[in-house]
Amino acid sequence: MASVEQVPAAAKNGTNPGIPVENPATGETIATIPTLSTAEVKALVGRARAAQPAWEAIGFEERGKVLRRAQKWVTDNSERIIATIVSETGKTYEDAQLAEIMYAAAAFGFWAKEAPNLLADEPVKSANPLVKGKKLVVRYRPVGVVGVIGPWNFPLTNSFGDCIPALAAGNSVILKPSEVTPLTSLLMAEGLRASGLPEDVFQVATGDGATGAALIDEVDFVMFTGSTKTGKKVMERAAKTLTPVGLELGGKDPMIVLSDADVERAANAAAYYSMNNGGQVCISIERVYVEAPVYDQFVARVTEKVGKLRQGRSSGPGSVDVGAVTFPPQLDIIDSHVRDAVAKGARVLTGGRVADGPGMFYEPTVLVDVDHTMSCMTEETFGPTLPIMKVADADEALRLANDSPYGLQASVWSKDLRRGEALARRVEAGTVCVNDAQVNYTALELPMGGWKTSGLGTRHGAGGIRKYTQQQTLLVTRFAGKRDPHMFPYKKRTTQLLGKLTRLLYGRGKRD
Ligand code: NAD
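Residues numbered from 1 in each chain as written. Predicted model: local features only at pLDDT ≥ 70, side-chain atom pairs only at ≥ 80, totals over all residues. Heavy atoms only, no water.

S.K.: Any details on the overall build of the chain? Residues and values, ideally.
M.R.: Along the chain, the regular secondary structure elements total 18 helices and 20 strands. A compact globule built from 512 residues should have a C-alpha radius of gyration of about 24 Å, and the chain, at 26 Å, falls within 12% of that. Viewed in the frame of its principal axes, the chain has a C-alpha envelope of about 85 × 70 × 40 Å. Counting across all 512 residues of the chain, residues that qualify as buried make up 55%. Pairs at least 24 apart in sequence give 72% of the contacts found in the chain among residues at least 6 apart. Looking at the chain as shown, the accessible area adds up to about 22,500 Å², and 55% of this sits on carbon and sulfur atoms. Both charge centroids of the chain, one from 59 positive and one from 56 negative side chains, sit 14 Å from each other. (Helix = DSSP H or I, 4+ residues; strand = E, 2+ residues; numbered from the N terminus. Rg over C-alpha atoms; globule rule 2.2 N^0.38 Å. Buried < 20%, exposed > 50% of the residue type's maximum accessible area, 1.4 Å probe, protein only. Contact = heavy atoms within 4.5 Å. Areas by Shrake-Rupley, 256 points an atom, 1.4 Å probe, with all protein chains shown as cover. Lys, Arg positive; Asp, Glu negative; His and termini not counted. Charge placed at Lys NZ, Arg CZ, Asp CG, Glu CD.)

Below is the structure:
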């Protein structure tokens, strides 16, 4: 558990009341963290700004060394990090290991290796005769101070993870973790210090939404992961200072099971990718559309698998399958979606209620006879529920899948890969998997980001680091006379020659 020693100095002097951090699997208060005020956030950003030029100046190789040491620190300290994550989220050991530790360890190595390639100067050739012989270059320069604001569902991967490429690019970073799960971020600050990161290049600003809002006013780029509702507020606030934002927001990922799917694999995937991390994954399978011929078989297989899941407080590897609901209000949202569905005619095949305490748990739940009048099919549930709907054919499935304000991810299941991929290309989502789900997130080479109200911009891939830079174009004239022909004074003959040149270059296009 994080101690008060891990809290930034400014935070310890904070005048605002502290926020208690609870273990959702037990209900115990495990720490109290300070809420940084606007003035304290300003002070952190001032220190970050002062530290940044030296961090930028040491270059990719030296920054890469720090990141590789941090990678080793994560693997050396994995049990301690897992214990911290499990204690503040209530998730299972496995959910912390696979989706957090493995991600962070891979990400440190990936960005250390790829940052110099993805941010290298790009020589450009132009066909325009006016710039012939000149040196043309696009280069990427760190923005300065990046503010990362994160959610509670993956404190390491989704909060801290976005800091790694920002640091690799040469920025200072201030992380505002969720007030529900701040301890992992404080532990990572310790890890980066132990890995030789210079003082003030990475700092944690603990606090609530007001602390996050204060951070937006001060930084040069805001990387926000959280709900669509807060994402809109973040963008509005950032507009006041014209600060660019990256937004990774909510989702309602559809799964489309076609009649020629491998039903057993699809059922295993549906059970796992809807219930892992207690269903609190932005790219969780949140709703399923199954073609009529395989509907009964699919529902029976999924219900059997979900019904057997072991839920409870994780006491180590292999102890439980589904953990707690991390955020107290989320329990009510999950239950209200199930109640709303049942009131409108849905049937609960397994689960369907808040589990008995201590701790906050919702039983792994399968719902059928659902439709789009129900919130469980249209709003983000973010819990261990799986509503399954029968459809006549692929076109109906596609229409319903696209009938959503969200567009984060989706999956299509078919043994006919050509048919599956053709359908995938028609789904309105930033990522679509065929015969799979979620694993795209582990491929850091692949851009990941939402369409519609699921976000703006991408993480991972080239865009996942270039967003933390300012693109600068350089034009260097090496060989030139005292005056170029197009300069003042204008002369009739030169103007006529330029006209001729324009016709010669561009006037030969075919007329219809
Ligand atoms: P949230 O929007 O409630 O909070 C996210 C963060 O924003 C927290 O740190 C919070 O303190 C801060 N915040 C709140 N108000 C703010 C304001 N006015 N200005 C600045 N910051 C403010 O989200 P949450 O409940 O923590 O997380 C769950 C949501 O996150 C779900 O919708 C989920 O889908 C989404 N999510 C998306 C991704 C993705 O990659 N697209 C990943 C993980 C989670």
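S.K.: I'd love a proper account of the pattern of salt bridges, names of residues and values included.
M.R.: One pass over the full model with this rule turns up 29 salt bridges. The residue D340 makes a salt bridge to K344 at a minimum N-O spacing of 2.8 Å. Note that R353 and E363 form a salt bridge whose closest N and O atoms lie 2.7 Å from each other. Linking R353 in the loop between β12 (347-350) and β13 (365-368) with E363 in the loop between β12 and β13, this pair joins segments that are ten residues apart in sequence. (Salt bridge = Lys/Arg side-chain N within 4 Å of Asp/Glu carboxyl O.)

S.K.: Go over the packing of helix α2 (residues 38-57) against helix α3 (residues 59-76), please, and point to the residues and values.
M.R.: Where α2 meets α3, the axes come as close as 7 Å, and the angle between the chain directions of the two elements is 105 degrees. Taken together, the axes of α2 and α3 lie roughly perpendicular to each other. Contact residues: α2 offers W55, E56 and A57, while α3 offers G59, R63 and V66. In terms of residue class, the contact of α2 with α3 is made up of three nonpolar, one polar and two charged. (Axes fitted to C-alpha atoms, helices over the stretch in contact; angles between N-to-C directions. Parallel < 35°, antiparallel > 145°, perpendicular 65-115°, else oblique. Nonpolar A, V, L, I, M, F, W, Y, C, P; charged D, E, K, R; others polar.)

S.K.: Any details on the sheet that holds strand β4 (residues 135-142)? Residues and values, ideally.
M.R.: Taken in spatial order, the three strands of this open sheet run β3-β4-β20, and their pairing is antiparallel. Edge positions in the open sheet fall to β3 (122-123) and β20 (469-476), since each of these has one partner strand only. Relative to β20, β4 runs antiparallel, the two being bridged by eight bridges. Note that in β20 the partner of P142 across the bridge is T469. (Pairing = 2+ DSSP bridges.)

S.K.: Talk me through the site of the ligand; I want residue IDs and the actual numbers.
M.R.: If you check the shell around the ligand, you find 29 residues, and the closest are G150, K176, E179, S227 and E380. At 2.8 Å, a backbone N or O of L249 approaches a nitrogen atom of the ligand. In this structure, an oxygen atom belonging to the ligand sits 2.6 Å away from a side-chain N or O atom of E380. Contact with the protein chains covers 89% of the free accessible surface of the ligand, which is 860 Å². The set of elements that each furnish at least two residues to the shell around the ligand consists of α9 (209-218), β8 (221-225) and α10 (228-240). By residue number, the principal contributor to the shell around the ligand is α9, which donates four residues. Its residues placed into classes, the shell around the ligand shows twelve nonpolar, eleven polar and six charged. Here the shell around the ligand spans two domains, and each of domain 1 (4-249 + 461-470) and domain 2 (253-444) adds at least three residues to it. (Near = heavy atom within 4 Å. Polar contact = N/O pair within 3.5 Å; in protein donor to acceptor, adjacent residues only side chain to side chain. Domains from an automatic or database assignment.)

S.K.: Before we move on, could you go through the domain arrangement of the chain and cite the residues and values that matter?
M.R.: Domains assigned within the chain are domain 1 (4-249 + 461-470) and domain 2 (253-444). Averaged C-alpha coordinates put domain 1 and domain 2 at centres separated by 30 Å. Carbon and sulfur atoms supply 60% of the area buried between domain 1 and domain 2, which totals about 2,300 Å² over both sides. The interface formed by domain 1 and domain 2 includes zero salt bridges. Where domain 1 packs against domain 2, one counts eleven residue pairs in polar contact (both at pLDDT 80 or more). Top contributing element to the side of domain 1 that touches domain 2 by residue count: helix α5 (residues 93-118), with eight residues. When grouped by side-chain class, the residues that make up the side of domain 1 that touches domain 2 number 13 nonpolar, eleven polar and four charged. (Buried area = accessible area lost by both parts, 1.4 Å probe.)

S.K.: Which residues make up the sheet that holds strand β5 (residues 145-149), and what values do they have?
M.R.: The strand order across the open sheet built from six strands is β7-β6-β5-β8-β9-β19, with neighbouring strands paired in mixed fashion. Bordering the open sheet on either side are β7 (202-204) and β19 (455-456), each of which pairs with just one other strand. By the bridge criterion, two bridges tie strand β9 (residues 245-248) to β19 in an arrangement that is antiparallel. By the bridge assignment, L247 is partnered in β19 with L456. Its contacts with the sheet place helix α8 (residues 183-194) against β6 (172-176) and β7, and it is angled at close to 155 degrees to β7. Sheet strands in contact with α9 are β5, β6 and β8, and its direction is about 155 degrees off that of β5.

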